[in-house]
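One-letter residues, chain by chain:
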Amino acid sequence: MAAHLKKRVYEEFSKVVQIPHEEAPAKKLRLSKPSKSAALHIDLCKATNSTDALQYLLQFARKPVETESVEGVIRILLEHYYKETDNSVRLKIASLLGLLSKTQGFSPDCIVDDFINTLANEKSHQVLAQLLDTLLVIGTQLPENPTVRHRLIEVACKHLSDMYFGVRNKCLQLLGCLGLVDSPLSKDGGPRDVQSIISDYFVDQDPRVRTAALKAMLQLHDGGVKIHEIIYEQACRLLSDDYEQVRSAAVQMVWVLSQLYPERQANYASLKLRLDTWREIKIRLVSFKTTFSFPKSSSELSLIVPIPSSNEEIRLVDDAFGKISHMVSDGSWMVRVQAAKTLGSMLQVSPHFLEQTLDKKLMSDLRRKRTAHERAKDLFASGEFSSGRKWADDAPKEKLDRNTVNLIASGACGAFVHGLEDEMFEVRIAAVEALCKLARSSPSFAEKCLDFLVDMFNDEIEEVRLQSIHVLREISTHITLREDQLDTVLAVLEDSSRDIREALHELICYTNVSTKECVQLALLELLKNLSKYPTDRNSIWKCLKFLGSRHPTLVLPLVPELLNTHPYFDTPEPDMDDPAYIAVLVLVFNAAKSCPTMPALFSDHTFRHYAYLRDSLSHLVPPLRLPGSGLDLVDSRYGSGSVESPQLFLQQSLNRVSTIQNLEAPGAQELLDLTIRDLRRLGELQTELAGTADFCATYLRCQLLLMKALQEKLWNMAIPLCFKQNVTATAAAQQILEETYKLEFLYSGLKNRQVATIHHVRLQAKALQLILTARSRPGQETLISSCEKFVQDMASFQRLFALEMPHLQDSFAEKLLEVMPRLSSCKPVELVKILQTTLRQSSLLQLALPEQIHRATATIIEPTGESDNPLRFTSGLVLALDIDATLEHVQDPQNTVKVQVLYPDGQSHVIHPKPGDFRKPGPDRHRLITQVYLSHTSWTEPSQIEVRLLLAYSSSSSSSLSKLGWCDSNDSLPTPEATVEGTIPFSKPVKVFIMPKPPRR
């Protein structure tokens, strides 16, 4: 008994002793692949019915699976698939198998045989379709394995005869995605290629299968396979299918073939075999025991588009254009939209076909008229003239049938007219966009479609009107507006929509007009617009600036009338506060830039007004030489000089800064101050280099702050003796961090090398913060956590910018990375000493500039902040403040731009505008038009609030983790650590007077 008890105690003691040794293997086992499969196996074994099994499978689908565990999980699922009798459970398992096959890093070639074997015994059509979908996923994951791909294609061919449409659809998808093999396939006893097999299902009884067959053929085209020309006639027949999805896919198929064989000619007089009779001929030849083989290439059978009783030849692209034009009159609006969009991409069509789409009249039964010479030649060849003895011997020998002699389909006549008059606004928009694409490539067509586009300005839908204005703006280089057309265009200025009016202003900027009456008419209508909508002031001024610069000779005879001058009498001086008068001056001064005789018509006060506007509205008024009343008003600062010399000056300034290592601290700081001043002045004078110069000045500002923080007396004295300097250095480190975020997120066009340089400066600032923290707060716990965070930042920097390290030689980061193993294991105090020594010994990192850097800027147009009349509202209620701002070079403004309101009591509200409040009038330009709702308690007197725009940013020190390929949810993924979020003001604040008044009782 004692011996037995001793043995038990020894065993228990051994277990206790072995626990620490078994913990590490247990930790590894928890991450190994048997864990997931075993847990799934246990859950499925616990299921008592199909409902429980579905619940377990759904729960499992929400959890991520490691790449190492995928194969084991698939084996468990296949094992339960063979045992399961319920179709819904097997369907879910098949779906999970497909999702697991997409897991990144997993190669599914080891399970292809198992998947193919499951198809043999499957009786359910739905499950079979899902298994084929899983095989499609596997095939797309193994594009470089021809053996697997060929086996999958054979499987698809085998199941193409299935009675369920879903199975046939998946088989056709398999053929479309993977049918790129060179060897012929065997189906129905003979060798066939993939295209001929797919084309057999163009006439399938199920419209969904016909659609799938067309999409599979299009997938072959997308995969680089050249579609056979013989498919064209079959695709054309499907344009009249009863099912709209089939017609839609057929339109795409016809377009693809028209782009592949645009110049193919067809002679319709010769007797050719119609493609739709090939199978009938095959049947007849087989009945006569004659050998027949289907043509394998387009060279064996040239395409014929049959038009009986005609000697004409037609290009395939023209015939396709006519057939697709006919689809603009389709019964389904979705097909009409696609047909209209497709027409816009057919740029190779002949001009006479293109122009016929704007005319509803049929042209001579759509045939080309034969010349008198050709008719006389045929008469001479016949050998006799009419004698009058026989009845109707001089009647035409050919019988015309309107349904068979069409050179192009009747729908092509006036196709765009039908599209522009369609009842669905989506079709009208698609027709307008197609007209734009075709008109940009054909100036003659642009002139002919001008009237139709102008008519669309009166459409009842705002989106259609707006799109028509944008389209006319894009083709404005090919057109000149007549007075009647301009009258229709200017009528849109009465529209209540601000977007419509501003788009029309943009159109007039780039449109040519024909006469001086047109210029006068445009000016009068714009002034009416200005009086009715005063908020359009800036847009109208800009419009008149371009209108004057484009038509100086037409503005010249209007100058006396516009400026109200008289050759003998003095006229009263207009009010310079009148926006309408400023608009007239902007028009005249911009026209005078290209017309040297115009300044002679100016009066004395016009010269004074020019000097005033030149200073206040320099972006609207050009530099002029006006020798009036002894004035010579040429501003050399804004002369059109070359950008090469400022670019050279910028580079020389940066090269000069690189020599500060040879200077003492006071001299180096003075050199940096002078260089920063020069660069900012350069940015003011040269708008092309403003972003680059400001970027360099901000970078040098960071270096100057760092240099001042690393002064000798700060580090050679005790902390109580230099407390004020320590606070200054702490503020400098924080300011450097803020400036680095501006450098990274406020400027666009940066390369990886510039981003690495910015992160290097940020790393120096963090090191400075760590050193100052260790000097001022010597607490051990805070110091340890700060040191650990800095080491993580160093590792992240090394991982993110490993390719840029050769450009960071002798830098602070390179010196730290050399002792990185020591930093990871040393004590915090030793780490701080290493950082302090390395930081003070590091040199200035030379800044390499990319070709172009742009700074994100914002200008608040409304409110102007000029009014002294307060906006009154009842306290407790809200006041809607209209915000109108222009944004330049802002990336993703819908997610990054915010509006900040600062109240006099220190409260701050940040508003995120709706995505619909942003417009994009041009490249790298956005417009923000929104409303901000203000509310506050009652005040005793009016006061000012500040409104500004902020640019939000989010910076993460860890690289973004890629989502697992098979998991539909990312809830379980780890979130990035050390994420820094903030905002950067990038507009000047505007002050607005408001007065919340107490409510009435």
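Everything numeric here is computed off the predicted structure, so don't read it as measured data.

**Some details on the overall build of the protein**
Looking only at helices and strands, the protein features 42 helices and 18 strands. Residue burial in the protein is summarised as follows: out of 1001 residues, 45% are buried. Pairs at least 24 residues apart make up 75% of the contacts formed inside the protein by residues separated by at least 6 positions. Carbon and sulfur atoms provide 52% of the accessible area of the protein, an area that totals close to 52,400 Å².

**Observations concerning the pairing of strand β14 (residues 918-922)**
Sheet topology places β14 next to strand β15 (residues 925-934); three bridges connect them, and they run antiparallel. In the sheet register, F918 faces β15, and the bridge partner there is L928. Hairpin connection of β14 to β15: two residues between the antiparallel strands, including D924 at a positive phi of 60°.

**So, the state of the cysteines**
Scanning the model with the defined rule gives zero disulfides in all. Of the cysteine sulfurs around C436, a residue in no disulfide, the closest is that of C449, at 8.9 Å. Relative accessible area serves as the criterion here: at 0%, C449 is assigned to the buried category.

**A closer look at the pattern of salt bridges**
For the structure shown, the criterion picks out 34 salt bridges. R498 is the salt-bridge partner of D884, the closest N and O atoms lying 2.4 Å from each other. In this pair, D884 sits in strand β11 (residues 879-888) while R498 sits in helix α25 (residues 498-509), placing the two residues 386 residues apart along the sequence. One exposure class covers both D884 and R498, and it is buried. By sharing partners, the salt bridges in this structure join R498, E502, D884 and R927 into a single network.

**With respect to the sheet that holds β15**
Judged by pairing direction, the sheet is antiparallel, and its four strands sit side by side in the order β9-β11-β15-β14 without closing on themselves. With partners counted over all chains shown, the strands left at the sheet margins are β9 (857-862) and β14, one partner each. Ignoring which end each strand starts from, the neighbouring axes of this sheet average 25° apart. In the packing of α25 onto the sheet, contacts are made with β11, β14 and β15, and the angle to β15 comes to roughly 150°.

**With respect to helix α8 (residues 146-158)**
Note: α-helices contain 3.6 residues per turn, so residues at a spacing of three or four share the same orientation. With 13 residues, α8 extends 18 Å from end C-alpha to end C-alpha; this agrees with the ideal 18 Å at 1.5 Å per step. Those residues of α8 lying buried are V148, R149, L152, I153, V155, A156 and C157.

**Quick word on the packing of aromatic side chains**
By the definition in use, this model includes ten aromatic pairs. Grouped by ring-pair contacts, the aromatic residues F589, F602, F607 and Y610 constitute a single cluster. Its guanidinium or amino end placed over the ring of F165, R208 lies 3.5 Å from that ring's centre, counting from NZ or CZ. When the ring centre of Y533 is taken as origin, the NZ or CZ atom of R501, which lies over that ring, is 3.6 Å away.

Conventions and cut-offs
Residues numbered from 1 in each chain as written. Predicted model: local features only at pLDDT ≥ 70, side-chain atom pairs only at ≥ 80, totals over all residues. Heavy atoms only, no water. Helix = DSSP H or I, 4+ residues; strand = E, 2+ residues; numbered from the N terminus. Buried < 20%, exposed > 50% of the residue type's maximum accessible area, 1.4 Å probe, protein only. Contact = heavy atoms within 4.5 Å. Areas by Shrake-Rupley, 256 points an atom, 1.4 Å probe, with all protein chains shown as cover. Pairing = 2+ DSSP bridges. Disulfide = S-S within 2.5 Å. Salt bridge = Lys/Arg side-chain N within 4 Å of Asp/Glu carboxyl O. Axes fitted to C-alpha atoms, helices over the stretch in contact; angles between N-to-C directions. Expected span 1.5 Å × (residues − 1). Phe/Tyr/Trp six-rings, centres within 6.5 Å; stacked < 30°, edge-to-face > 60°. Lys NZ or Arg CZ within 6 Å of the ring centre and 35° of its normal.

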